[in-house]
Every structure is written in C-alpha cells, then in structure tokens.
Amino acid sequence: MTRTTAAATDVGRARDHNEDDLLVTAVGDWTLLAVADGMGGHRAGDVASETALEGFESALVDRLGGTDDVTASLRASVAAANERVRERATDGREGMGTTLVAALVRDGEARVVNVGDSRAYHVTESAIDRITTDQSVVRSLIEEGVIDESEADDHPQRHVLSQALGTSEDVEPDVYERSVEGTLLLCSDGLTEEVSDAAIRDVVADEPPDAAVDRLVDAANENGGSDNVTVVLAEE
C-alpha cells in the first residue's frame, strides 16, 4: 500500500491564473496520481487540464474494472482524455491543449504514462531518477544530435511540445513500468524550469511529503515563479 501522498499547486509569480490541475485518488487497489499543465491562455488551458483529468480518470476506472492489462488501460484512457479535450475545444477555446503525466502506484510498483513535458521522477535518499522523457521539440533535437544537453535549458524552443492532449486527433503516450520504493514525484514544468533535479532530491529526501511539496512550490516561486507550478508525490 502507498503510505503517504501529498500535493500542491500554485499560480506562480508571472501568471494571472492557474492552468495546472492535479489528481490524487484511489482506483481499486491502486493509487492514481496525475498532473496536467494546460495550454492556451485565453483559449482556456485551465479547461483543458481539468477536462483531461476528468476524462482520464473516468475512462481508467471503467477500463481497470474489466481487465488486468494496466498498460493498455492507461493508453486507452489517454486516448479518451484526448477526445474529451477536443470535444470541448469550441466557442473560443479552439486550439487548447494540455500535458498529462499520471501514475498508478501499488506495493512499490508504478505504471507511468506521459504526454508532453510534465515529468515523473523516482526519488530516494541518495538519488533522483527522471522516469519520463519530455515529448518536446528540444528533446527531439537532442536525440537527433542537433544540440546537446547543455544547450537545452536556454534553447528558444524549449517550451514547444511535440505532442499534447487536444491538439491532434491521435496521441501516442509513453508508458513506463518501474519499481519505486522511495518516492514517486510528478510535476509540471513550472517546477523543473526553476528548481534543479538535485535540489528537488534534497527537499524530498529531507522533508515529510506535505512539507516537501510546499517547499518545492516555494522554491520555484523564490527562483522566479515563471509559470504555474504543481507537485504531486507518493511515498512508499
């Protein structure tokens, strides 16, 4: 069983409203964690993120109730969330979209699904390991050898996604299966834009979950708060 979960979200210092959304709930004997980072501003990125999480959770509850294939259930639920966002992209919300990173956690095991550049990490007392790979233009350029990792942080296209929910008819999520004894952390890029992986590890290793999520949000804001910031974690 997952011992402890914690979550926090904040508008940050540069935005006037929060387009992030989060989810922490039980689905059968799994704990479901999710973060969605909406895009669109006046096109209602906040509607996109909320809609995606609602659609994803609803579909996942239905799918897991009838199958033991967790990976297939996650993929199908992402597709359902994508369709739900596209259905609501009307009346001035055309073009809205959102990232989604979600995890099912049970008995030290996690199944993680990702679309976009919100991230999942596995954190222990001695290390932090990024589970997900950003679905972004910059990550594609790194993998193609056009730029290296040192050029990524300042690249002018670092916030451009190669995939997001709601922006196209089809979506191809990445799915990961991991042992996560320690802490599983999901976050929007409002955290990782302002706080290094090493600093994230230090906070999670030093603090209990409720305090850790608050400290991470505070650190993002203290370092600039350039975006909405959301953190969700589960400690096994």
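Structure's up top.
So, how was this worked out
- Residues numbered from 1 in each chain as written.
- Predicted model: local features only at pLDDT ≥ 70, side-chain atom pairs only at ≥ 80, totals over all residues.
- Heavy atoms only, no water.
- Salt bridge = Lys/Arg side-chain N within 4 Å of Asp/Glu carboxyl O.
- Helix = DSSP H or I, 4+ residues; strand = E, 2+ residues; numbered from the N terminus.
- Buried < 20%, exposed > 50% of the residue type's maximum accessible area, 1.4 Å probe, protein only.
- Arc of directions from axis to C-beta.
- Contact = heavy atoms within 4.5 Å.
- Pairing = 2+ DSSP bridges.

**Remarks on the pattern of salt bridges**
Under the criterion given, the structure shown has nine salt bridges. Between Arg119 and Asp134 there is a salt bridge whose closest N-O contact spans 2.8 Å. With Arg119 in strand β7 (residues 119-123) and Asp134 in the loop between β8 (128-130) and α3 (137-143), the pair connects residues that are 15 residues apart, well separated along the chain. We note that Arg119, like Asp134, is buried. Close ionic contact of Arg201 with Asp202 constitutes a salt bridge, the shortest N to O distance being 2.4 Å. The class of Arg201 is buried, set by a relative accessible area of 17%. Of the residues examined, Asp202 reaches a relative accessible area of 35% and is grouped as partly exposed.

**Remarks on helix α6 (residues 197-206)**
Looking only at α6, the buried set comprises Ile200, Arg201, Val203 and Val204. For α6, the angular spread of buried residues about the axis comes to 165 degrees, placing them on one side. Close packing links the buried residues of α6 with β7, β8, β10 (183-187), α5 (189-192) and α7 (209-222).

**Topic: the pairing of strand β3 (residues 30-39)**
Burial analysis of β3 places nine of its ten residues in the buried class, which makes it a mostly covered element. The sheet contact formed by strand β2 (residues 20-27) and β3 spans eight bridges and is antiparallel. Following the sheet pairing, Asp20 is matched in β3 by Asp37. As defined by bridge partners, β3 adjoins strand β5 (residues 100-106) across five bridges and the pair is classed as antiparallel. Across the sheet, Ala34 pairs through a bridge with Ala102, a residue of β5. By the bridge criterion, two bridges tie β3 to strand β4 (residues 97-98) in an arrangement that is antiparallel. Its bridge partner lying in β4, Met39 is registered against Gly97.

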